[in-house]
Structures are given as C-alpha cells and as structure tokens.
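For reference, the chains in residue letters:
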Amino acid sequence: MNQRARIGRRAIGGAVLVVVPAVFIAVFFGYPIATVLWRGLGGGGGETFLDLAESSRQRDIVWFTLWQAVASTALTLVVGLPAASIVARLPPRRQRLVRALVTVPFVLPTVLVAGAFTEVFAVTGLDEGALRLRHTVWAILIAHVFFNYAVVVRTVGAFWSGLDHRMEEAARSLGATAWAAFREVTLPRLRPAIASAAAIVFLFSFTSFGVVLILGGPRRATLETEIYRQAVTRTDLETAAALAVVQLVAVLALVVVSTRLERRRPIVGRGARLSRRAASPVWRWVNLGIGFVLLGGPIGVLMERSFSTGDGYGFDHYRALAERAPQLPAPATTALANSIVFAVTATAMAVLVGLLASLVVVHGRRGLARVFDLGLTLPLGTSAVTIGFGMLIALDEPPLDLRTSWWIIPIAHALVGVPFVVRTMVPVLRAIDPALHEAAGVLGASPARARREIDLPIGLRGLVVGAGFAFAVSLGEFGATSFLPRRPENLTAPVALFRLLSTPGDLLRGQAMALAVVLMVLVAAAVLVIESARGSDEGVF
Amino acid sequence: MADPMLQVREAEVRFGELRAVRAVDLDLAAGERLALLGPSGCGKSSLLRAIAGLEPLAAGSIFVDGEPIGHLPPERRPFGLMFQDHALFPHRTVGQNVEFGLRMDGVDPAPRTARVGELLELVGLAGFERRAVTTLSGGEAQRVALARALAPGPQVLLLDEPLGSLDRHLRDRLIGELPEVLDATGTAAIHVTHDHDEAFALGDRVGVMEGGRLHQTGPPGEVWAAPRSLTVARVLGHTNVVDGPDGVVVWRPDAATVVNADEADTVEAVVERVHFRGVDHDVRLRTTDGRSLRFVLAAAPALGERVHLRIDPARVIRFGD
C-alpha cells in the first residue's frame, strides 16, 4: 500500500474515533441540557431561575437537598470506614468476595430498595408510632447508607490494602499505640481515598431520586423530586427548568471540587504486605453484623414478602406477574422483557461510545482528551432526572422528534451507562506499558493497528466490567425513564414496580415484591460478571 | 570499509530545552556490531530510539542503503528493537509474540509458524510456542524478546540495555550467545550499554558517548588503549588520572609492577584494599601525596604494606593537547 493511502485511512479511523462519541454526547446530552439551561434562565418566558430565590418553598428544598446529602455522606463514612479497615486486612480472595457482596446493593434499582425499606418498616412496626421511620429523613439517610456503603468499602478498602504496612510497624516500634499509629500514620495516607469516596457518596445522595420520592413521602422534597413534581405532576416546565439549572450548577461545582481533590492525590507505591495482622475478632464481628443487618435485612425481608401468601408460602405472587394489574398498561412480565431488551441495546451503545471515547481520552491529543474526559463524566454527575427532563423538552421537534420513539429509552440509559464504561476502561488502558506500543511499532504495526492488537485485547476485561455496570444501571434506571412517555411497549420493570408500590393497600404489595426479586436476581447476575472479569486491584466505583 | 548500510548524520534529539543527543555521526556496515557505551543519561538510549523512529529527530538525517528514512514512522523502518524490560505482550503466548512482526508484514500462517519454530530453536526455546509469557523466567523472556525482534528479518537489530535486568551468570551466558544468533541471521546490531565489559564483548566496534555526543568509535582494544580524551577514558573505566609534568595523563590499570625500594623513578604507595579476582588482584593504593590509585597486580601485597611501583611508560595514556 502506498503511504498516502495509509495516511488517508488512518485519518478516517481517527475521525470516527472522535466523531461518534462527540456526536452522541452532544446530541443526546449537550443539546437537552442546553435547552434546560435556556428555558431555566428565562429563554422561554415565564418564571425563571431568579424568581425561584424569592420562593421560600424552593429555598427550603435547596437547603434540605444539601443537608440530607451532607448527613448521608457523614453517616456512610461512619458505618463504612470501620468495614473498610477490616476488608483491607482480609486475604485477597476473601476481599474479592466481600467486595462482590457489597456491590450488589450499590447497583440495585433505587425503586426496589425504597420498596424493600418500606416493607422493612412495616414488618418491624417502624412505620407508625413514636419510633416511626417511614416518611422521615431517617428513612432516606438509612437507604443512602445502604447504597453507598459499597463506595466507601471498595474505594477506601482497596486503597488501604495497598498501603505499605511497614510504616505502621515503624510507628509502633517507635512507641506509638495502635490508635496513635492509625491517627498519625494511617489516616493521613488514607485521606485522598476517603475524600474521593466522600465526594462520590455526596454526589449520589445529592441527586438521589427514587429513594426520596418513595421513602420521603409527599412532604419531603429535594431538587430532584421537585423537578419531577413540577414537570410531570404540575406540568410547569418553566419552574422545573429553573430548578434543573440550580441542580446543574450545584453538581458542576461538586465535580470541579472533587476532581481538584483527586488531582492532589499523591502517588502511593504498592507496599510490601509481608505482615498483615487480622483485626481483633470483636471488632470484626461487630462490623460484619452491622453490614449484614444493613445490607441483608432489606433484601431478606423483600424475599420473604415475595413468597408470603398470607397463610403460608408459595409462588402465587410470581404467577401473578404474568397477568396485567389494572394499574399497569401491560403485565409485569412484559415490563421485565422490555427492560432486558432496553438494557442489552443500551449496553451495546454505551460500550461502543465508551470504548471509542476511552481511546480518545488515553491516546488523543491533550486538549481533546481533557474535553472528552470532562464531557463524559458530566452525565455521571448530572442527575438522571435532569437528563430525562432535558430529553423530554429538547427532542420534541423534527428532525429529532424522539419523544415517542422506542429508541429514546435505550439512548437515555446508554447516556447514564457511558461514564461507567469510560471510568473502567481508562485506568485499564492507561496501565498499558507504552513500551508495548513501541514494540508493536518497531515490529511493523501502524499506531491504529497497535491499538487494535494491544489495547483492545488487554482492555477487554475492563470493557466487560463497564458493560456489566451499564447493563445493571439500565435495568434499574428510574429517574430519566420516569419522564419519558408512558406506553405499553415502553414500560420498564422499575417503572412498573413504582406503580405497584404506589398503589395503596396490600393487594399488589406481594406482586411488587416478586417483581423486585426477579429484577434483583438479574442485577446480581450482572454484578457476578463484573466481579469475575475484574482484576484484584482495579476499582473506580 | 564498503559503503555503510546505515548512516546517521548530525543527529540531534531534544526534550524541551534539553539536548539529549547532539550532532552525532554514525556508520554501520552490513552485519557489523556496534556497541554504544556511556553512563546513564548520556543520550545513548535516545539516539537508539531516534534511529528506531520512536523519538523525532530535531535535526540531522538517517540513511539506509543511501535512502533517507528519517521521515518514516517506526513501523516502516527496517529495524528491530529489543527493549530494556523486554516489553513482551502479556496477553499473547510466546509463539504469538514472536509471530507478531510477521503478521504485520502480512506473512501467511504456514510460513509464519515455520519461522517462529525456527527462531525459537535458534534462541534455545524450541517448543515454547504455547507458553504464556507471564510464566517465563527473566532469561527466557529475554530470548523470546530476541526471537520476536529478529523474526521479521530486520537489517539492523537495536538493543537497549537488554541484559541490564539479568543476573550475572545469565548475562555472561547471553553475552556469549548473542553474537552467535546475530551471526546466524546475518543481522547488524547497535547495542546500547553502560557496562564496558559488555560493550567490549559484544561490539566489533565501540562508540563512547557522554553528554549527548559520540566522542570516539573504534575497535574495543584500540579505544580502550588510546582514548582520545579524559572524558572517554573515564567512561571506559579508567580511574588513575594523574596530573603530571607533561599535563594530565592516565595510568592504565595494567601499567604498574611492584619493584624493590632501591629502583629509581618509582611511585610509593600504601595498600588500602585488595580484591582477589582469581588470576590476579584488584588493588587500591594511596600515594604518599594522597592520590588514590587502582591497579591490577599478579601478586597480592599485604594490606597496609608500603610498596614501590614502577609505571610502564608504554601503558600511560597521553592526550593530544
């Protein structure tokens, strides 16, 4: 082949790499968000961003959103850090098992978890009386700890087990007590991991939707639920847009602060792990107990309820899934099938876009790589509600009238999944020794060929992990989906679950629990794939 | 010498402000082996990478058989490269690593397999095709890297300190085997190293680099016996620098013999350390005026003994100006 043809082909390959993810993000994320901003800042007339500040209800909502996120983060750290200390000292194989177990709750659909907690309160009698938890802030906080426990245990635990243990030994030999050695030597080195875990927990709590909507009750509103209420219940799109602007600004500020913090993370050498003393048994059992009750309790109650038929146990509720309940446009089994098809489609899109984007982030020119890195993280930070709302108001005119299209749901889900693919792929690709590319080059591979021969096979494991997350996220996605048109062929399992749960009375409770269990099994399968593909030390989420 | 196959002219490599390689000229004949010797940071690896096309030349040009190749990307240059830490592809087997270059050249599967077997046999790893590279020992990985680099039949093999990470025993063995493999394939080589023993053993010619410049090239014996400057002498491991009446000179380590105290023109020194090396002794001494010297002596003097040394003028290195 002559050289010009070669260069021509390389340029086309490079352009595809950049254009596909750029167009996807710009059209399905950038444009809707820009529309929200335009409307929220008064571009469409009517109430604006500035008018909001005068409403005391809206000020209360912002305040509540903020403080519940702070409280959730603090509580998660208090419960999660001791657990991380134990996980860090487990032998690698058991560490992986624990990490897999705590990850299941992390990816469970929010609606499902909220439903499980409602049931826990009912079973334990905490739904009424002096110790009422139902429809209180505490219900929200506990559910947030349930979700984010994994973030702290994984992020801090993995980092902790990588620290050089000899430094603590040096401190002890210099006369420090165990506590002093922890405070003076361990804690300062853990700080970057704790900070980044805290930032993620805060972000998730700040943008939490399903949990607040169901567990908070009608009177507790955060920015997320209020955007939903204004847009869907009151159809006041201008106020919803104004609220979404507040949400966007807050999240952007958060992302900027947390990336700043992360950049300050020092390079920590992998330490020798010669002596790893196990934690004291009491400490270990207390923490194991807390984790077991917190994570296992709601899941256990969920399962028990799904089989309970009132006068015994059986599969009645599962059989009922095949029949259409009056509250649903289609039977729950149809919703499950829809969800699986959506998840497969969304995963395929997220993997394609995420893979191309990761290659640009790792191998692209610096400026371009930066833009991609940030542009692809934004959908992770942006609340799903804002994304769904943006799509609802932006993609309603030809040539992009997708509101009634089947495709809008997998696209919205893929958008939420892309950051997961990118976040797992980029570290894997970055860890590839540049000498391998050089070796391939000297052996006659063009840069594009070298990427295909080296990055693709090595990155495949990362890709499987990312795909697993994208699949699980799509299965449980509720925030964005709840904005999109309600048609029988668009009904997803989480939306069906939400409708069943919001029906008063016990009649449909059992069926809701059965649907939740099936959904949970699917998600757990995705987690299993993630954990078996993941190496021992990678872990971004 | 016939027209050199590889010519480097006025080559310069820059990293920002740092000029890592400055105005280097270098020739290599077909089948010839050149060892580039220099301390770490002297620019020898940068020069090698520039020849391979992995670093851009800031100035100068490279010719192969008279054709300029400085504008070509690495994959289109007729060179093989052996990396310091092998850079074997961890996700591929030994056989897949070795056949990589052949696959890039579009060689058909059947001749490819044959060639891989041939090369593995050449490096003493016959039958290793299906092994995972992660299970190889350091020496085995080294041989696989060599087979991989040689498989596409490069005109010149570039070796970037490939023996640095091996233990001494293995290194000695590979120093013996490497020239045999290169001769068997008729491949010319440029071998970068900081170890003068390795350079002398592997190079038909030795080039001494320091501070980004190539100071002197020539057959190992010639360069060692007659370094052109003090810098070159130091890189070659000469330590006996003496500021004498006719300027700065260097006493070769084999220049001294222990003689009786009554002889004229001797150097008086106290023995500080004796290192037994089998056939001879590496002896460190301090002269009465405080100068530190190091000689190879056949018979070991006692530690702390005061000895008289006669310096053979034929083994004193003098510099031109």
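Here is what the cut-offs are and how they apply
Residues numbered from 1 in each chain as written. Chains lettered and ligands numbered in written order. Predicted model: local features only at pLDDT ≥ 70, side-chain atom pairs only at ≥ 80, totals over all residues. Helix = DSSP H or I, 4+ residues; strand = E, 2+ residues; numbered from the N terminus. Buried ≥ 20, exposed ≤ 12 C-beta atoms within 10 Å, placed from the backbone. Contact = placed C-beta atoms within 7 Å. Expected span 1.5 Å × (residues − 1). Bend = angle between axes of the 7 residues up to and from the residue. Nonpolar A, V, L, I, M, F, W, Y, C, P; charged D, E, K, R; others polar. Core = buried A, V, L, I, M, F, W, Y, C linked by C-beta atoms within 7 Å. Axes fitted to C-alpha atoms, helices over the stretch in contact; angles between N-to-C directions. Left-handed = near helix turned anticlockwise from the far one by under 90°. Pairing = 2+ DSSP bridges. Domains from an automatic or database assignment. pLDDT = per-residue confidence, 0-100.

Here the focus is the overall build of chain A. Helix and strand counts for chain A stand at 21 helices and zero strands. Expressed as a percentage of its 541 residues, the buried residues of chain A come to 49%. Taking as baseline every contact in chain A between residues at least 6 positions apart, the subset at least 24 positions apart corresponds to 82%.

Another point: the overall build of chain B. Helix and strand content of chain B: eight helices and 18 strands. For chain B, the C-alpha atoms occupy an extent of roughly 80 × 40 × 35 Å along the three principal directions. For chain B, the share of sequence-separated contacts (at least 6 apart) that also reach a separation of at least 24 residues comes to 65%.

Moving on, we get to helix α3 (residues 56-88) of chain A. With 33 residues, α3(A) extends 46 Å between its outermost C-alpha atoms, agreeing within 8% with the 48 Å of an ideal straight helix rising 1.5 Å per residue. Largest kink in α3(A): about 30°, centred on Gly80(A), with the proline Pro82(A) one to four residues after it.

Okay, the interface of chain A and chain B next. At the junction of the two partners, chain A supplies 16 residues and chain B supplies 17 residues. Elements represented by at least two residues in the side of chain A that touches chain B include exactly α18 (434-442) and α19 (447-476) of chain A. The residue makeup of the side of chain A that touches chain B, split by class, is ten nonpolar, three polar and three charged.

What follows deals with the nonpolar core. If you look at the biggest cluster of nonpolar residues, it comprises 161 residues, and the most contacted ones within it are Ala143(A), Leu497(A), Leu515(A) and Ala516(A). Excluding residues that lie within four positions of it along the chain, Ala516(A) makes contacts with Leu112(A), Gly115(A), Ala116(A), Leu302(A) and Leu497(A). Formed by 95 residues, the second largest nonpolar core is a distinct cluster that contains Ala35(B), Leu174(B), Val208(B) and Leu309(B).

Our focus in this paragraph is the packing of helix α16 (residues 384-394) of chain A against helix α17 (residues 408-430) of chain A. Residues and elements named next belong to chain A. Put simply, α16 and α17 touch, their axes get as near as 11 Å, and they point 145° apart. As α16 runs across α17, the sense of the crossing is right-handed. Packed against α16, whose contacting residues are Ala384, Ile387, Gly388 and Met391, the element α17 presents Ile408, Ala412, Leu415 and Val416 at the interface.

All names here are of chain B. As defined by bridge partners, strand β9 (residues 205-210) adjoins strand β10 (residues 213-218) across five bridges and the pair is classed as antiparallel. Opposite glutamate 210, over in β10, you have arginine 213 as the bridge partner. Connecting the antiparallel pair β9 and β10 is a turn made up of two residues, with glycine 211 showing a positive phi of about 60°.

Each strand in a sheet pairs with another by means of backbone hydrogen bonds, the pair being arranged parallel or else antiparallel. Residues and elements named next belong to chain B. Ordered by their spatial adjacency, four strands build an open sheet running β2-β1-β4-β5, and the pairing between neighbours is antiparallel. If you trace the sheet from one side to the other, it starts and ends with β2 (18-28) and β5 (67-68), each paired once. Note: strand β1 (residues 6-15) against β2, seven bridges, orientation antiparallel. Looking at β2, one finds that arginine 14 is bridged to arginine 19.

Let us look at the environment of Gly117(B). Residue and element names in this part refer to chain B. Considering the arrangement of structural elements, one finds glycine 117 in helix α3 (residues 109-122). Taking the number of C-beta atoms within 10 Å as the measure of exposure, glycine 117 has 16 and is therefore partly exposed. Taking C-alpha positions, glycine 117 is 9.3 Å from valine 98, a pair spaced 19 residues apart along the chain.

With that settled, the discussion passes to helix α8 (residues 178-206) of chain A. Counted at 1.5 Å a residue, the expected span for α8(A) with its 29 residues is 42 Å, but the 36 Å between its end C-alpha atoms falls short. The axis of α8(A) is deflected most strongly, by about 50°, at Leu187(A), and proline Pro188(A) appears within four residues downstream.

To continue, consider unusual backbone geometry. All names here are of chain B. We note that alanine 87 has phi near 50°; this positive angle belongs to a residue other than glycine. Within the fold, alanine 87 resides in the loop between β6 (79-82) and α2 (94-104). The buried category is assigned to alanine 87, around which 23 C-beta atoms lie within 10 Å. A positive phi angle, close to 55°, is found at aspartate 265, a residue other than glycine. Along the polypeptide, aspartate 265 turns up in the loop between β13 (256-259) and β14 (267-276).

Residue and element names in this part refer to chain A. Along the chain, valine 421 falls in helix α17. For valine 421, a count of 29 C-beta atoms within 10 Å translates into the label buried. Placed 27 residues apart in sequence, valine 421 and alanine 394 show a C-alpha to C-alpha distance of 26 Å. In this view, valine 421 contacts Ala350, Val351, Gly354, Leu355, Gly466, Ala467 and Ala470; residues no more than four positions away in its chain are not counted.

Looking at the assigned domains, one finds that chain B contains domain 1 (6-230) and domain 2 (241-312). For domain 1 of chain B versus domain 2 of chain B, the distance between C-alpha centres works out to 39 Å.

Residue and element names in this part refer to chain B. Pairing within the open sheet is antiparallel, and its five strands lie in the order β13-β17-β14-β15-β16. The two strands at the open ends of the sheet, each matched to only one other strand, are β13 and β16 (292-297). Recorded for the sheet is a direction-independent mean angle of 50° between the axes of neighbouring strands. Pairing of β13 with strand β17 (residues 306-311), which is carried by four bridges, proceeds in the antiparallel orientation. Its bridge partner being in β17, valine 258 is matched across the sheet by leucine 309.

Before going further, it helps to examine the confidence of the model for chain A. Fine structural detail should not be taken from predicted coordinates in areas where pLDDT scores are low. Residue and element names in this part refer to chain A. With 87% of its residues at a pLDDT of 70 or more, chain A has an overall mean of 80. Scored below 50 in pLDDT, residues 265-275 makes 16 contacts in the model with residues more than four places away or belonging to other chains. Under a pLDDT of 50 for its full length, residues 536-541 has, in the predicted model, twelve contacts with residues more than four places off or in other chains.

All names here are of chain B. Relative to the helices and strands, arginine 148 is located in helix α4 (residues 138-150). As a C-alpha pair, arginine 148 and proline 111 span 37 residues in sequence and 15 Å in three-dimensional space. When sequence neighbours within four positions are dropped, the list of residues in contact with arginine 148 reads Asn97, Val98, Phe100 and Gly101.

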